[in-house]
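What follows is each chain in one-letter form.
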Amino acid sequence: MRTPPPGIRVSEEVRDAVAAGSAVLALETTILTHGLPRPRNLDVARSSERLVRDAGVVPATIGVVGGEPVVGLSADEIERLCTADGVVKASVRDLPVARARGLDAGTTVAATAWLASRAGIRVMSTGGLGGVHRGAGETFDESADLPTLATTPITLVSAGVKSILDIGATLERLETLGVPVVGYRTNRYPGFYVADSGFALDYRIESPADAAALARARDELGLASAVLVANPIDVAEQLDPEFHERVLAEALAAASEAGITGHDTTPFLLDFVQRATGGRSLEVNLEVYRGNVALGAEIARAVAA
Ligand code: PSU
Ligand code: MN
């Protein structure tokens, strides 16, 4: 294991588990600080860690406390990020600013994956990945998740990207960046709230062992990219696709009317969809996340074996 930079704190439990080659699963915190409403966010943070532990895997929830990036937040630190005022959203470019100013922050997929990888963690779960925003041809608004995953060798379980983004463009960018995307028991790229985004995938895997074999092959080739495992929600649990289309159109119109741009876009759209669906999207969101955490834990065990 490489030694993490001095500005990153790795909890003793996570450090020991990584050193012993035990299974560890990294979890992000922007989903808690900016993606889910309070107080559900704290329930989700706690139940996710419990799910991971029950699977025999060490959870490493990652975030920034008082400017310090922490890999393996304590229960008190998780509660602080879920409840305090003034918690910001930190992608990679925000980490030095948060540190210099002593801020609390939820870390995005990009920042979380980068920190996890520095601490020697090889598997991570999230809900939805950031991607290319609609209209990015004009605005250049593409999540730092994409370029960061191109240079961060972690296996990341997600349910795809939300349809608030330009899904086709996101998949094209991942191809350009050399990031493999594999469907978990599906040939279709999932659309987060729905099992099928309408886009096909070139590759599928059938098991956690398949995911581990893919990560090993990547390592043996000396490649540094992430491996993305796209895990769809069960069709029986998904948001009704037509309803989903309608709410999405309203959300995009509202964002444009309100002049929302940049890193506020994702939280705004997610909040709009949550309110417009009367909380149904929230239940789907939680189900999606639970599924990704459970699969991530299985993959973490397969990678460690
Ligand atoms: N997509 C979701 N929920 C989220 C996010 C994305 O469905 O909470 C968060 C993730 O942390 C992701 C980040 O890494 O938003 C991407 O934000 P941006 O586009 O500003 O990079
Ligand atoms: Mn952006």
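Residues numbered from 1 in each chain as written. Chains lettered and ligands numbered in written order. Predicted model: local features only at pLDDT ≥ 70, side-chain atom pairs only at ≥ 80, totals over all residues. Heavy atoms only, no water.

What is the right way to read the overall build of the protein chain from this model?
Of regular secondary structure, the protein chain possesses 13 helices and 13 strands. Taken against the 2.2 N^0.38 rule, which gives 19 Å for 305 residues, the C-alpha radius of gyration of the protein chain at 18 Å falls within 12% of a compact globule. Projected onto the principal axes, the alpha-carbon positions of the protein chain cover approximately 50 × 45 × 35 Å. The burial tally for the protein chain puts 54% of its 305 residues in the buried class. For the protein chain, the computed accessible surface area is about 13,100 Å², with 51% contributed by carbon and sulfur atoms. (Helix = DSSP H or I, 4+ residues; strand = E, 2+ residues; numbered from the N terminus. Rg over C-alpha atoms; globule rule 2.2 N^0.38 Å. Buried < 20%, exposed > 50% of the residue type's maximum accessible area, 1.4 Å probe, protein only. Areas by Shrake-Rupley, 256 points an atom, 1.4 Å probe, with all protein chains shown as cover.)

Quick question: what am I supposed to make of the packing of helix 10 (residues 208-220) against helix 13 (residues 280-304) here?
How two helices sit against one another is set out by the angle between their axes and by the gap between those axes. Two elements in contact, helix 10 and helix 13, have axes separated by 8 Å at closest approach and are oriented at 55°. On the basis of their axis angle, the class for helix 10 and helix 13 is oblique. Of the two elements, helix 10 crosses helix 13, and the hand of that crossing is right-handed. Counted together, Pro208, Ala209, Ala211 and Ala212 of helix 10 and Leu295, Glu298, Ile299, Ala302 and Val303 of helix 13 form the full contact between these two elements. By residue class, the composition of the contact of helix 10 with helix 13 is 8 nonpolar, no polar and 1 charged. (Axes fitted to C-alpha atoms, helices over the stretch in contact; angles between N-to-C directions. Parallel < 35°, antiparallel > 145°, perpendicular 65-115°, else oblique. Left-handed = near helix turned anticlockwise from the far one by under 90°. Contact = heavy atoms within 4.5 Å. Nonpolar A, V, L, I, M, F, W, Y, C, P; charged D, E, K, R; others polar.)

In this structure, what is going on with the site of ligand 1? I would like to understand it.
Around ligand 1, the structure places 14 residues, and the nearest of them are Glu28, Lys89, Ser143, Asp145 and Lys162. Between ligand 1 and the protein, one listed contact pairs a nitrogen atom with a backbone N or O atom of glycine 128 at 3.4 Å. The contact in question runs from an oxygen atom of ligand 1 to an N or O atom on the side chain of serine 143, over 2.7 Å. Within the complex, 92% of the 480 Å² of free accessible area of ligand 1 lies under protein. Looking at the shell around ligand 1, the elements that each hand over two or more residues are helix 2 (30-35) and helix 12 (265-276). Take the shell around ligand 1: its biggest share by element is 3 residues, from helix 2. In terms of residue class, the shell around ligand 1 is built from 3 nonpolar, 7 polar and 4 charged. Taken together, domain 1 (1-121) and domain 2 (127-305) each give at least three residues to the shell around ligand 1, which thus spans both. (Near = heavy atom within 4 Å. Polar contact = N/O pair within 3.5 Å; in protein donor to acceptor, adjacent residues only side chain to side chain. Domains from an automatic or database assignment.)

Explain the packing of aromatic side chains here, please?
The geometry of an aromatic ring pair is captured by two quantities: the separation of the ring centres and the angle between the planes. A full pass over the atoms with the stated rule returns 1 aromatic pair. Between phenylalanine 192 and tyrosine 193 the ring centres are 5.1 Å apart and the planes differ by 85°, which places this aromatic pair in the edge-to-face class. Grouping residues by exposure puts phenylalanine 192 and tyrosine 193 together as buried. A cation sits over an aromatic face here: lysine 162 above phenylalanine 192, 4.1 Å from the ring centre. (Phe/Tyr/Trp six-rings, centres within 6.5 Å; stacked < 30°, edge-to-face > 60°. Lys NZ or Arg CZ within 6 Å of the ring centre and 35° of its normal.)

What is the right way to read unusual backbone geometry from this model?
Working note: non-glycine residues mostly have negative phi, and peptide bonds are mostly trans. Here the amide bond leading from arginine 38 into proline 39 is cis, since omega sits at 0°, within 30 degrees of zero. Following the sequence through the fold, proline 39 ends up in the loop between helix 2 and helix 3 (40-54). In the Ramachandran plot, arginine 185 falls in the positive-phi region, its phi being about 60° despite a non-glycine side chain. Note that arginine 185 resides in the loop between strand 9 (181-184) and strand 10 (188-191).

Explanation requested: helix 12 in the structure shown.
At 3.6 residues per turn, the α-helix brings residues three or four places apart onto the same side. With 12 residues, helix 12 should reach 16 Å at 1.5 Å per residue; the first-to-last C-alpha distance of 16 Å fits that figure. Within the span of helix 12, buried status applies to Thr265, Pro267, Leu269, Leu270, Phe272, Val273 and Gln274. Close packing links the buried residues of helix 12 with helix 2, strand 5 (88-90), helix 11 (241-257) and helix 13. Just past helix 12, the residue glycine 278 takes up positive phi, approximately 55°. (Expected span 1.5 Å × (residues − 1).)

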